[in-house]
Amino acid sequence: MNYTPPRRRLPVLTQSSLGTLLRCEELFRLKYLEGLRPMETPPHFSVGTGFHAGIEHRDPEAGVRALVEARGPAYSDQERDGLERDSWVVRAMVEGALVRWDDWPERAEVPFRIPLRNPTTGGTSTVHVLGGVVDGVYDEAKLLELKTSSRVDRDYIARLDLDFQVTMYLGAMSRVTGTPVREVVYRIAKKPGLRPRKGETDSEFVERCRNRKPLAPLKRRKTETEEAYQERCRLRLEARAPLKRKVPETPEEYGRRVLADYRARPEHYFHEVLVTRTTEDLVRFEHEVWSLHERVLELEGGAFPVRNVKSCLDFGRCAFFDLCTGQVGTDAFRIIDNPNPELPETP
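Bear in mind that the values here come from a model prediction, so they are computed numbers and not experimental data.

Enquirer: Just to check I follow, could you spell out the overall build of the chain for this structure?
Expert: Along its length, the chain carries 13 helices and 8 strands. Taken against the 2.2 N^0.38 rule, which gives 20 Å for 347 residues, the C-alpha radius of gyration of the chain at 27 Å runs more than 25% over that of a compact globule. The principal-axis extents of the C-alpha atoms in the chain amount to approximately 100 × 50 × 35 Å. Counting across all 347 residues of the chain, residues that qualify as buried make up 41%. The contacts in the chain between residues at least 6 apart in sequence include a share of 77% that link residues at least 24 apart. Counting only carbon and sulfur atoms, one obtains 53% of the accessible surface of the chain, whose full area is about 20,400 Å². Between the centroid of the 56 positive side chains of the chain and the centroid of its 55 negative side chains there is a distance of 7 Å.

Below, the structure written as structure tokens:
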């Protein structure tokens, strides 16, 4: 079976592209070598974009503007409501983070590009370089990394000791500055667990009224006359509030509820960990990234990508699942010219 080589090479390897390669080689090929992207940006990605922009500019409204730009135009009521709800989420996350922490680095969104070096021979790749953007640089010894996540628990924190991105950025900035950089202040903003309150149909309301439990009968007091007892029962029944039909929560009502929860429980939503790496950790990373670079060269040359079907439903569902299963063709996707849009353009 002949295999057509991909239509492009990937000159800059980033932690996102290499992480995608580790997740699934076919996903890497489709996304980075063919340049395919879904027609619409998944909402959770644009929330992260908005949060980072809000922190960079120290302004929640700047985060909302970045969210709107990343999401694109909304054409339906459902899309407009979703955008408004997420705007409140970004606003709450940025405001909460700025209140929670006041020691932000002066240098934010710091780009880097460094040669990709063979740790065995000392030679450098003539095809690829390593690139990325560091969320913040405090000084020559400490970086800042910002993340948003729906889940923060013991395993999430423990995994940071192995995190590929942390190691890559520390190694890269060590080479950029010429001094060992070994610490990352890792700040996590947790996404809200609150969900918009739903309403109910007429039939659901009628059914709820029908199934409402009757009041338990009152007990007659020993000194109470029959008339007084009956009157007390009547007044109690009349005082029982009638059920009200549930109406859907508006995006603004939901947003203000989320904002209030972030203000009331900052310790629940915001977490900070100091993550470190040793020299041995960075040496191992050099070997790992060179091995990944060699595999990228093979894929760029037309090697068959290995599909990891166990990752198809990770994080909900792979954006290319329908393509891989033959339900749609490549015309269901857009093609981008820059496979690393998160990186600034080089002159």
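Moving on from the coordinates now.
Enquirer: Would you mind going over the packing of aromatic side chains with me for this structure?
Expert: Where two aromatic rings form a pair, the distance of their centres and the angle of their planes describe that pair. Evaluated as defined, the whole model comprises 8 aromatic pairs. Directly above the ring of Tyr-32 sits Arg-37, whose terminal nitrogen or CZ lies 5.4 Å from the centroid. The side chain of Arg-91 reaches across the aromatic face of Trp-88, ending 4.7 Å from its centre.

Enquirer: I would appreciate a short explanation of the packing of helix 1 (residues 15-23) against helix 12 (residues 279-300) in the present structure.
Expert: Where helix 1 meets helix 12, the axes come as close as 11 Å, and the angle between the chain directions of the two elements is 75°. The orientation of helix 1 relative to helix 12 falls into the category roughly perpendicular. On helix 12, the residues touching Leu-18, Leu-21 and Leu-22 of helix 1 are Val-289, Leu-292, Val-296 and Leu-299. Here the residues of the contact of helix 1 with helix 12 sort into 7 nonpolar, no polar and no charged.

Enquirer: Teacher, can you tell me more about the pairing of strand 6 (residues 183-190) here?
Expert: Within a regular strand, side chains alternate between the sheet's two faces. Burial of strand 6 is extensive: 7 of the 8 residues sit out of reach of the surface. Relative to strand 6, strand 5 (residues 142-149) runs parallel, the two being bridged by 8 bridges. In the sheet register, Ser-149 faces strand 6, and the bridge partner there is Lys-190. Across 7 bridges, the pairing between strand 6 and strand 7 (residues 270-276) is antiparallel. Counterpart to Tyr-186 in the pairing with strand 7 is Val-273.

Enquirer: Help me out: how do you make sense of the pattern of salt bridges in this one?
Expert: One pass over the structure, following the stated rule, counts 27 salt bridges. Beyond isolated ion pairs, a larger network of salt bridges with shared partners links Glu-25, Arg-295 and Glu-298.

Enquirer: I keep staring at unusual backbone geometry and nothing clicks. Help me out?
Expert: A negative phi angle characterises most non-glycine residues, just as the trans form characterises most peptide bonds. The phi angle at Arg-58 is positive, at roughly 55°, despite the residue not being glycine. Structurally, Arg-58 is set in the loop between helix 3 (43-57) and helix 4 (60-71). Phi is positive for Glu-109, close to 50°, though the residue is something other than glycine. Among the structural elements, Glu-109 can be located in strand 3 (residues 107-117). Under the relative-accessibility criterion, Glu-109 is labelled partly exposed at 28%.

Enquirer: Would you explain the environment of Arg-220 in this entry?
Expert: Considering the arrangement of structural elements, one finds Arg-220 in the loop between helix 8 (202-210) and helix 9 (226-239). Along the sequence, Arg-220 and Arg-232 sit 12 residues apart, while their C-alpha atoms lie 9.5 Å from each other. Excluding its chain neighbours within four sequence positions, the residues that come into contact with Arg-220 are Thr-225, Glu-226, Tyr-229 and Arg-232. Polar contacts involving the side chain of Arg-220 include one to the main-chain carbonyl oxygen of Glu-224, which spans 3.1 Å.

Cut-off values and rules
Sequence order as written defines the numbering, with residues in each chain counted from 1. Note on the predicted model: pLDDT of at least 70 is required for a residue's local features to be given, and 80 or more for side-chain atom pairs to be given and counted; whole-chain, interface and lining totals, by contrast, use all residues. In computing side-chain values, all of the structure's heavy atoms are included and hydrogens and water are not. We count a stretch as a helix when DSSP gives it H or I for four or more residues in a row; a strand needs E for two or more, and each element gets its number in order from the N terminus. Atoms counted for the radius of gyration: C-alpha only. Globule rule: 2.2 Å times the number of residues to the power 0.38. To sort residues, take the accessible area from a 1.4 Å probe on protein chains only and compare it with the maximum for the residue type: under 20% means buried, over 50% means exposed, and anything in between is partly exposed. When checking whether two residues touch, look at their non-hydrogen atoms; a contact exists if any pair is within 4.5 Å. We get accessible surface area from the Shrake-Rupley algorithm with a probe of 1.4 Å; when it comes to residues, only the shown protein chains can shield them. In this tally, Asp and Glu contribute negative charge and Lys and Arg positive charge; neither His nor the terminal groups of the chain are included. Here the site of a charge means NZ on Lys, CZ on Arg, CG on Asp, or CD on Glu. To pair, rings of Phe, Tyr and Trp, with the six-membered ring standing in for Trp, must have centres within 6.5 Å; the planes then decide the type, stacked if under 30 degrees apart, edge-to-face if over 60, and tilted in the middle. Each ring is checked for a lysine NZ or an arginine CZ that lies within 6 Å of its centre and within 35 degrees of its normal; such an atom marks a charge sitting over the ring. Whenever a helix is involved, its axis is fitted only over the stretch in contact; in every case the axis is a line through C-alpha atoms, and angles between N-to-C directions fall within 0 to 180 degrees. Orientation categories follow fixed angle ranges, with anything under 35 degrees roughly parallel, anything over 145 roughly antiparallel, 65 to 115 roughly perpendicular, and all other angles oblique. Throughout, the ten residues Ala, Val, Leu, Ile, Met, Phe, Trp, Tyr, Cys and Pro are labelled nonpolar, Asp, Glu, Lys and Arg are labelled charged, and all others, Gly among them, are labelled polar. Pairs of strands are assigned from DSSP output, requiring at least two bridges between the strands. Think of a salt bridge as a Lys or Arg side-chain nitrogen and an Asp or Glu carboxyl oxygen that are within 4 Å of each other. Counting of polar contacts relies on pairs of N or O atoms within 3.5 Å, with two restrictions inside protein: one atom must be capable of donating a hydrogen and the other of accepting it, and residues adjacent in sequence are counted only when both atoms are side-chain atoms.

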